[in-house]
Amino acid sequence: MPEGDTVLQTATRLHKALAGQVLTRSDLRVPRFATADLSGRTVLDVTARGKHLLTRIEGGLTLHSHLRMDGAWRVYAPDERWRGGPGHQIRAILANAEHTAVGYRLPVLELLRTSEEDRAVGHLGPDLLGPDWDPGSALDRLLAAPERPLGEALLDQRNLAGIGNVYKCELCFLARVTPWLPVGALPDGALSRLITLAERLLNANRDRPTRTTTITSELRTPPGPPSPPSATPAPSAPATTPAPARPRAPQPVRVQERLYVYGRARRPCLRCGAPIRLADQDDRPTYWCPGCQSGPTP
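*Asks:* Would you mind showing me how to read the pairing of strand β4 (residues 61-66) here?
*Replies:* The two faces of a sheet get side chains in turn, since along a regular strand they alternate between them. For β4, the buried fraction is high: six of the six residues fall into the buried class. Relative to β4, strand β3 (residues 52-57) runs antiparallel, the two sharing six bridges. Looking across to β4, one finds that threonine 55 is bridged to leucine 63. Hairpin connection of β3 to β4: three residues between the antiparallel strands, including glycine 59 at a positive phi of 100°. In this sheet, strand β8 (residues 108-113) lies alongside β4 in antiparallel orientation, the contact comprising six bridges. In the sheet register, leucine 63 faces β8, and the bridge partner there is leucine 111.

*Asks:* Help me out: how do you make sense of the pattern of salt bridges in this one?
*Replies:* If charged atoms from side chains of opposite charge come close, those side chains can pair. Taken as a whole and judged by the stated rule, the model has eleven salt bridges. Its salt-bridge partner being arginine 56, residue aspartate 45 comes within 3.1 Å of it at the nearest N-O pair. Of this pair, aspartate 45 sits in strand β2 (residues 43-49) while arginine 56 is found in strand β3, placing the two residues eleven residues apart along the sequence. Among the residues examined, aspartate 45 registers a relative accessible area of 22% and is labelled partly exposed. Given a relative accessible area of 22%, arginine 56 falls into the partly exposed group. A salt bridge links arginine 83 to glutamate 80; its shortest N-O distance comes to 3.1 Å. Taking the relative accessible area as the measure of exposure, glutamate 80 reaches 29% and is therefore partly exposed. Connected through shared salt-bridge partners, Asp45, Arg56 and Glu117 make up one network.

*Asks:* Explain the packing of aromatic side chains to me, please; I cannot follow it from the model alone.
*Replies:* By convention here, two paired aromatic rings are described through the distance between centres and the angle between planes. All told, the structure shown has four aromatic pairs when counted by the stated rule. Between the aromatic rings of tyrosine 76 and tryptophan 82, the centroid separation amounts to 6.1 Å while the plane-to-plane angle is 15°, which identifies the pairing as stacked.

*Asks:* What is the right way to look at the confidence of the model for the chain in this model?
*Replies:* Note that predicted coordinates carrying low pLDDT should not be read in detail. For the chain, per-residue confidence averages 89 on the pLDDT scale, and 86% of positions sit at 70 or higher. Low pLDDT, under 50, characterises residues 216-254; the stretch is placed with 25 contacts to residues that sit more than four places away or in other chains.

*Asks:* Would you explain the sheet that holds β4 in this entry?
*Replies:* In spatial order, the strands read β2-β3-β4-β8; together these four strands make up an open sheet with antiparallel pairing. The open sheet has two free edges, formed respectively by β2 and β8, since each of these has just one partner strand. The average angle at which neighbouring strand axes cross in this sheet is 20°, direction not considered. Against the sheet, helix α1 (residues 4-18) engages β2 and β3, with an angle of about 175° to β2.

*Asks:* What exactly am I supposed to notice about the environment of arginine 211 here?
*Replies:* Within the secondary structure, arginine 211 is located in the loop between α6 (190-204) and β9 (219-220). In this structure arginine 211 touches Met1, Glu3, Asp5, Thr6, Val166, Tyr167, Asn205, Arg258 and Leu259, once residues within four positions along its chain are discounted. At 3.0 Å, the side chain of arginine 211 and the side chain of aspartate 5 are in polar contact.

Here is what the cut-offs are and how they apply
- Residues numbered from 1 in each chain as written.
- Predicted model: local features only at pLDDT ≥ 70, side-chain atom pairs only at ≥ 80, totals over all residues.
- Heavy atoms only, no water.
- Buried < 20%, exposed > 50% of the residue type's maximum accessible area, 1.4 Å probe, protein only.
- Helix = DSSP H or I, 4+ residues; strand = E, 2+ residues; numbered from the N terminus.
- Pairing = 2+ DSSP bridges.
- Salt bridge = Lys/Arg side-chain N within 4 Å of Asp/Glu carboxyl O.
- Phe/Tyr/Trp six-rings, centres within 6.5 Å; stacked < 30°, edge-to-face > 60°.
- pLDDT = per-residue confidence, 0-100.
- Contact = heavy atoms within 4.5 Å.
- Axes fitted to C-alpha atoms, helices over the stretch in contact; angles between N-to-C directions.
- Polar contact = N/O pair within 3.5 Å; in protein donor to acceptor, adjacent residues only side chain to side chain.

Dropping the structure here:
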C-alpha cells in the first residue's frame, strides 16, 4: 500500500530514469489531458510531497499524480515487457531513449503549471520525509482538534504528510493506545513522542524494499506457564529418590513478522499473545491488540 516511504522510493526511481532526458513519447490517458503532448521536452526532476508525486518538465509544467490505494508507476527498459497490469489500467506513459515509465491505476493525474503546484499540494502539512519537516507544526496541527480520534488525525495529510493506513495502525500499537482514543486523551508528552517515532519509522523504511516496523532483535515469550518464583531450596531428597522435574521456563522466540498488527487479524500479538482484532475506522481496515492497547474500541 503506497505511503510516504514507498512514494519517495517511486519518485527516486522515476527521477533516475527520466530526469535530464528528453521525452520521446508522452501519453496521458485521462480525458482532460488526452491531447497534451510532452514529447521533445526535458524532464527536470521528480519529487515526492507526502503521498503525491510531482514530475517537473521543461516549459514550466508539472505532471501531478497520486497513487491512493493501488496506483503504481513502473519503469521499463526499451525492450522489456510491461508487467504492471492490463493495458486498460494504464493512465500515463513517459518515455525517453533509455527508459519508459508507465503509470497504472492512477486515480489522480493532472498537468498543471509548476508555479501552481500549491493547488495540488499546498494543503499538506509538514512532510515526514521532506526538507520542510517540522515536528512542532505537526504537533500543533494535531492538537487543534483534541476530540478527534487519533487514527483519523494521523491519516489527515493536513496535519502531517506521509502516514497511511499501515503506519496509522502500527504507530497506535507502538504508542499502546487504540486508534479511537481522542488525541487530547493521550498522556502528557505521548503525542510528541509519537510524532518523533513516525518520522524515524518512515526514514528507516525510505530505502527498504519491504516495509518493516518490528525490531528484529526484539524477543517475546510465548504463552506458557511462568517460571516458579525463586525461594530457599528445599532439602535434597535421598539419592535413591529422583528429584521432581521443574517446569521449564518458556524460551524466547525471535520476532519474524515485519509488522506488529497490520494484516494480522486473529493472529497472536507479538508482545502479549492476544488475538489481533480488526474493525473499520472511517472505512479503512484498522488493526489493534486488545491486550496491549488501551482506549475505546468499536
